[in-house]
Amino acid sequence: KRQLSGCTVGPDYVQPEVETVPDEWNTQATKGLAEGESSIQTWWTVFDDPTLTSLIERASTSNLTLREAMWRVEEARSLRGVVAGQRVPQVGLDGNANRSKPSENGVLGGGALPPELFEAQNLFDLGVAAAWELDLWGRVRRQVEAADAEVAASVEDYRDVMVSLFAEVAANYVNVRAFQERLRLAHANVEGQEDTLRLTRDPFESGLVSALDVAQAESNLANTRSLIPTLEIQQAIALNRLAVLLAMSPGALDDELSGEIPIPTEPEAVTRGLPADLLRQRPDIRSAERRLAAQTARVGVATAELYPQFSLTGFLGLQSTSGGDLFNSDSVTWSAGLPIRWRLFEGGAVRSQIAAEQARTAQLIANYERAVLLALEEVEDAMVSYSKEVSRRARLGEAVDATQRSLDLVLT
């Protein structure tokens, strides 16, 4: 089937250029980061942790939020099919069986017509009706264009949910391993402080140290013991969150993740790409851009209402007062038409609708630019945080070394 078409009114979509996107990142923010391509597709593999990889793969197939986003994509595709169906003739089968009797006291009564015309009569109809809008101004084409963009936006929303999901799985997994390590260290500290308390009590009983030293040792031991329930609560929360992210009941991963496995560590070099590369990889930005494209097409849909709409209609069927004669050649009936609809005067409603669609487009342009700036902000913040955290960890390492030397001196 071919679509009869003319011009397409309304603005053609052009992706906006955001002038605030820099060519390079802030020098201070990129300190400690290596130059190179940065991909978010399989970022978790840099930790080289099979358990983390397994959890993320399972979440990608079972997570309920991701499943909900997937069905929103299917919904958008189905709605696109509804709109696209307007491009072809609409054909339907009509049928009716009717029996009626005119009133002898009505408009046709009064003795002017023969009595047999007022007897009850049957009427049988069966036929095929068709209608086809001639899309001369591109109203339907713009609707399909908008629907295509909405489908693409829903796909990007799905990917955005996936990115957030994988990050949440990884964060909770790292928390689980960190709490396990902290609990191990806390129990080791309890054992060490119990030994210290015993070593302090013996000299106290001999009168070599004061009661203050014993009280201080008891206080240190009690404080360390008090940390263990808090760490166990936080570990349970992280384990339960991981289970729910995988669409499992809370506690279902407790046994699987109970082993003592080292905390995942970052690679030796963390690379950074260009700001423009970031915009191409962020699904939230691509979603905002596609919704802007969809709204731009809706301006054309509204603009088409300024012009007359033409349609082709037709009917081919059978009509008879007797069911037995319905399929005779003499019962054939048909009609064809070219209806025209033109909204000539509606108190400015059409132009107000166009203005409303244009205003919505301007809103989405601002939303797109804001999404770009927020993405740049998030990445700059993350790079600065990473750089400063690396420096902080180095200082903490120095503090640990100094404390260990102090401990060694005390023990010797």
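A quick note: this is a predicted structure, and the numbers were derived from the prediction, not measured.

Parameters at a glance
- Residues numbered from 1 in each chain as written.
- Predicted model: local features only at pLDDT ≥ 70, side-chain atom pairs only at ≥ 80, totals over all residues.
- Heavy atoms only, no water.
- Helix = DSSP H or I, 4+ residues; strand = E, 2+ residues; numbered from the N terminus.
- Buried < 20%, exposed > 50% of the residue type's maximum accessible area, 1.4 Å probe, protein only.
- Contact = heavy atoms within 4.5 Å.
- Areas by Shrake-Rupley, 256 points an atom, 1.4 Å probe, with all protein chains shown as cover.
- Core = buried A, V, L, I, M, F, W, Y, C linked by side-chain atoms within 4.5 Å.
- Phe/Tyr/Trp six-rings, centres within 6.5 Å; stacked < 30°, edge-to-face > 60°.
- Pairing = 2+ DSSP bridges.
- pLDDT = per-residue confidence, 0-100.
- Salt bridge = Lys/Arg side-chain N within 4 Å of Asp/Glu carboxyl O.
- Expected span 1.5 Å × (residues − 1).
- Arc of directions from axis to C-beta.
- Polar contact = N/O pair within 3.5 Å; in protein donor to acceptor, adjacent residues only side chain to side chain.
- Patch = residues over 30% accessible without salt bridge, like charges linked within 9 Å, V, L, I, M, F, W, Y side chains within 5 Å.

A.B. asks: Can you break down the overall build of the protein chain residue by residue, with the values?
C.D. replies: Looking only at helices and strands, the protein chain features seven helices and seven strands. For the protein chain, the N- to C-terminal ordering of α and β elements is β-α-α-β-β-α-α-β-α-α-β-β-β-α. Expressed as a percentage of the 412 residues in the protein chain, the buried residues total 29%. Partitioning the contacts of the protein chain with sequence separation of at least 6, the portion at a separation of at least 24 is 82%. Just so you have it, the protein chain exposes about 25,400 Å², and 55% of that area is on carbon and sulfur atoms.

A.B. asks: I'd like a description of the nonpolar core, backed by residues and values.
C.D. replies: Formed by 22 residues in total, the largest nonpolar core has its most connected members in Leu55, Leu165, Val169, Leu242 and Leu253. For this core, the secondary-structure elements that each account for two or more residues are α1 (50–62), α2 (64–84), α3 (139–205) and α4 (211–245). Ranked by residues supplied to this core, first place goes to α3 with seven residues. Those residues within four positions of Leu165 in sequence are excluded, and the remaining contacts are Ala59, Asn63, Leu66 and Leu245. Core analysis: the next-biggest nonpolar cluster, separate from the first, contains 13 residues, Ala288, Ala375, Leu376 and Val379 among them.

A.B. asks: Tell me about the packing of aromatic side chains, residues and numbers included.
C.D. replies: Per the stated rule, a full pass over the model turns up three aromatic pairs. Where Trp43 meets Trp44, the ring centres are 5.7 Å apart and the plane angle is 85°; that geometry is what we call edge-to-face. Its relative accessible area of 25% is what places Trp43 among the partly exposed residues. Measuring from ring centre to ring centre gives 5.1 Å for Trp44 and Phe166, while their planes differ by 75°; the resulting arrangement is edge-to-face. Taken together, the residues Trp44 in the loop between β1 (34–35) and α1 and Phe166 in helix α3 connect sequence positions 122 residues apart. As far as burial versus exposure is concerned, Trp44 and Phe166 are alike and both buried.

A.B. asks: So what's going on with the pairing of strand β3 (residues 121–134)? Which residues, and what values?
C.D. replies: Where strand β2 (residues 90–100) lies against β3, 11 bridges are found, and the strand directions are antiparallel. The residue bridging Val91 from the neighbouring strand is Ala130, located in β3.

A.B. asks: Just give me the short version of the confidence of the model for the protein chain, but keep the residues and values in it.
C.D. replies: Counting all residues, the mean pLDDT for the protein chain is 85, and 87% of those residues have values of 70 or more. Note that residues 1–5 has pLDDT below 50 and, in this model, 14 contacts with residues that lie over four places away or in other chains.

A.B. asks: Which residues make up the pattern of salt bridges, and what values do they have?
C.D. replies: Summed over the entire model, instances satisfying the criterion amount to 25 salt bridges. Among the ionic pairs, Glu256 bridges to Arg58, the shortest N-O distance being 2.8 Å. With Glu256 in the loop between α4 and β4 (271–272) and Arg58 in helix α1, this pair connects stretches of sequence that are 198 residues apart. For Arg58, a relative accessible area of 26% translates into the label partly exposed. Linked by salt bridges that have partners in common, Glu150, Asp157, Arg291 and Arg298 make up one network.

A.B. asks: Now, about unusual backbone geometry: what can you tell me, with residues and values included?
C.D. replies: With the exception of glycine, the majority of residues adopt a negative phi angle, and the majority of peptide bonds are in the trans configuration. Its identity is not glycine, yet Asp48 carries a phi of approximately 50°, on the positive side. In this structure, Asp48 sits in the loop between β1 and α1. Here Asp48 falls in the exposed class, since its relative accessible area comes to 68%. Positive phi, normally seen in glycine, also occurs at Ala247, with a value near 60°. With respect to the element layout, Ala247 can be found in the loop between α4 and β4.

A.B. asks: Any details on the side chain of Thr361? Residues and values, ideally.
C.D. replies: By the secondary structure assignment, Thr361 is in helix α7 (residues 349–411). Apart from residues no more than four positions distant in its own chain, Thr361 is found in contact with Leu292, Gln295, Thr296 and Val299.

A.B. asks: A description of α4 should follow, citing residues and the corresponding values.
C.D. replies: Between its first and last C-alpha, α4 extends 52 Å over 35 residues, near the 51 Å set by a 1.5 Å rise per residue. The complete set of buried residues in α4 reads Val214, Ala217, Leu221, Thr224, Ile228, Leu231, Gln235, Ala238, Leu239, Leu242, Ala243 and Leu245. Backbone geometry just downstream of α4 places Ala247 in the positive-phi region, at approximately 60°.

A.B. asks: Residues and numbers for α1, please.
C.D. replies: Over its 13 residues, α1 extends 18 Å from the first C-alpha to the last, a length consistent with the 18 Å expected when each residue adds 1.5 Å. Among the residues of α1, Leu52, Leu55, Ile56, Ala59 and Ser62 are the ones counted as buried. Along the long axis of α1, the arc covered by the buried residues comes to 145°, so they all point the same way. Turned more than 90 degrees away from the buried face of α1, the exposed residues are Pro50 and Thr61. Taking the backbone nitrogen of Thr51 as reference, a side-chain oxygen 3.0 Å away marks Asp49 as the first, capping residue of α1.

A.B. asks: Just give me the short version of a nonpolar patch on the surface, but keep the residues and values in it.
C.D. replies: Judged by side-chain polarity, Leu312, Leu338, Ile340, Trp342, Leu344 and Phe345 come together as a nonpolar surface patch covering roughly 720 Å² of accessible area. Within the fold, Leu344 resides in the loop between β7 (340–341) and α7.

A.B. asks: Which residues make up the side chain of Glu156, and what values go with them?
C.D. replies: Among the structural elements, Glu156 can be located in helix α3. Taking the relative accessible area as the measure of exposure, Glu156 reaches 8% and is therefore buried. Polar side-chain contacts of Glu156 include one of 2.8 Å to the side chain of Arg286.

A.B. asks: Go over the environment of Pro16, please, and point to the residues and values.
C.D. replies: You can see Pro16 is positioned in the segment before β1. Each C-alpha atom of the pair Pro16 and Glu289 lies 8.5 Å from the other, and the pair is 273 residues apart in sequence.

A.B. asks: Any details on the environment of Asn189? Residues and values, ideally.
C.D. replies: Residue position: Asn189 is located in helix α3. Looking at Asn189, the relative accessible area reads 42%, which means it is partly exposed. Along the sequence, Asn189 and Arg225 sit 36 residues apart, while their C-alpha atoms lie 8.9 Å from each other.

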